[in-house]
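# Coordinates in review
Chain by chain, the residues run as shown.
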Amino acid sequence: MDLRFFYLLISGFLITIGSFCSVFGLAEKSTLKKWILISSGLICWGIVAILLIAKIVQY
């Protein structure tokens, strides 16, 4: 199997998890839970950005 498929699969999952965490973090009333959810969503998006930059530099 091609590694690009796994890269797209992992990126898709991380983008989805990051989006849900960010949206539910914005809707949360508790301050601590809000910042935990928002920061975990941003971490997921950051991992995707790092993977994308690594993929671009590789080519």
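Residues numbered from 1 in each chain as written. Predicted model: local features only at pLDDT ≥ 70, side-chain atom pairs only at ≥ 80, totals over all residues. Heavy atoms only, no water.

### As for a nonpolar patch on the surface
- Taken together, the side chains of Leu3, Phe5, Phe6, Leu9, Ile10, Phe13 and Ile17 define a hydrophobic patch exposed on the protein surface, amounting to about 700 Å² of accessible area.
- A relative accessible area of 63% means that Leu3 is categorised as exposed. (Patch = residues over 30% accessible without salt bridge, like charges linked within 9 Å, V, L, I, M, F, W, Y side chains within 5 Å. Areas by Shrake-Rupley, 256 points an atom, 1.4 Å probe, with all protein chains shown as cover. Salt bridge = Lys/Arg side-chain N within 4 Å of Asp/Glu carboxyl O. Buried < 20%, exposed > 50% of the residue type's maximum accessible area, 1.4 Å probe, protein only.)

### Quick look at the side chain of Ser11
- Turning to its location among the elements, Ser11 is positioned in helix α1 (residues 3-27).
- With sequence-adjacent residues up to four places away left out, Ser11 is seen in contact with Val48 and Leu51. (Helix = DSSP H or I, 4+ residues; strand = E, 2+ residues; numbered from the N terminus. Contact = heavy atoms within 4.5 Å.)

### Quick word on helix α2 (residues 31-58)
- Relative to the 40 Å expected for 28 residues at 1.5 Å per residue, α2 spans 40 Å between its end C-alpha atoms, a close match to the ideal helical length.
- In this fold, the buried residues of α2 make contact with α1. (Expected span 1.5 Å × (residues − 1).)

### As for the packing of α1 against α2
- Across the interface, α1 lies against α2 with an axial gap of 7 Å and an inter-helix angle of 155 degrees. The orientation of α1 with respect to α2, classified from their angle, is roughly antiparallel. When you trace α1 past α2, the crossing you get is left-handed.
- Here the residues of the contact of α1 with α2 are counted per class, giving 17 nonpolar, seven polar and three charged. (Axes fitted to C-alpha atoms, helices over the stretch in contact; angles between N-to-C directions. Parallel < 35°, antiparallel > 145°, perpendicular 65-115°, else oblique. Left-handed = near helix turned anticlockwise from the far one by under 90°. Nonpolar A, V, L, I, M, F, W, Y, C, P; charged D, E, K, R; others polar.)

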